[in-house]
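# Tertiary structure, described
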Amino acid sequence: MPFRLDRTAFHAGTHEENARYHAQNQPATMEDRLRTAAYLNSVAYGYDLNNPPRLDRTAFATRKHNG
C-alpha cells in the first residue's frame, strides 16, 4: 500500500494566526535558538551534546589570493 498523507491533520491558518503561534512558541533569545539547534544536530547526527566531534579540517583548503 503506498504512503498517503492525512490531509485532515494540517491546518494552514491565516497569517495572523501563524504569527501569533510563532511569537508564542519560538525560543525567546538567539542563545536559546542556538542551543536548540545544537541539540537537534546532536540528535540527527548521533553524538553526545556535551562532547561534540571535532571539525574535520582536512575537508577545507586555503590559498592566498594574488593581488
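## Side note on the pattern of salt bridges
For the structure on display, the rule yields 2 salt bridges. Here Glu 31 ties to Arg 35 by a salt bridge, and the two come within 2.7 Å at their closest N and O atoms. Within this pair, Glu 31 and its partner Arg 35 are both found in helix α2 (residues 30-45), separated by 4 residues, close to a single helical turn. A relative accessible area of 54% means that Glu 31 is categorised as exposed. Its relative accessible area of 46% is what places Arg 35 among the partly exposed residues. Between Asp 32 and Arg 35 there is a salt bridge, with the nearest N and O atoms lying 3.1 Å from each other. One end of the pair, Asp 32, and the other, Arg 35, are both in helix α2, 3 residues apart, so they sit about a helical turn from each other.

Conventions and cut-offs
Residues numbered from 1 in each chain as written. Predicted model: local features only at pLDDT ≥ 70, side-chain atom pairs only at ≥ 80, totals over all residues. Heavy atoms only, no water. Salt bridge = Lys/Arg side-chain N within 4 Å of Asp/Glu carboxyl O. Helix = DSSP H or I, 4+ residues; strand = E, 2+ residues; numbered from the N terminus. Buried < 20%, exposed > 50% of the residue type's maximum accessible area, 1.4 Å probe, protein only.

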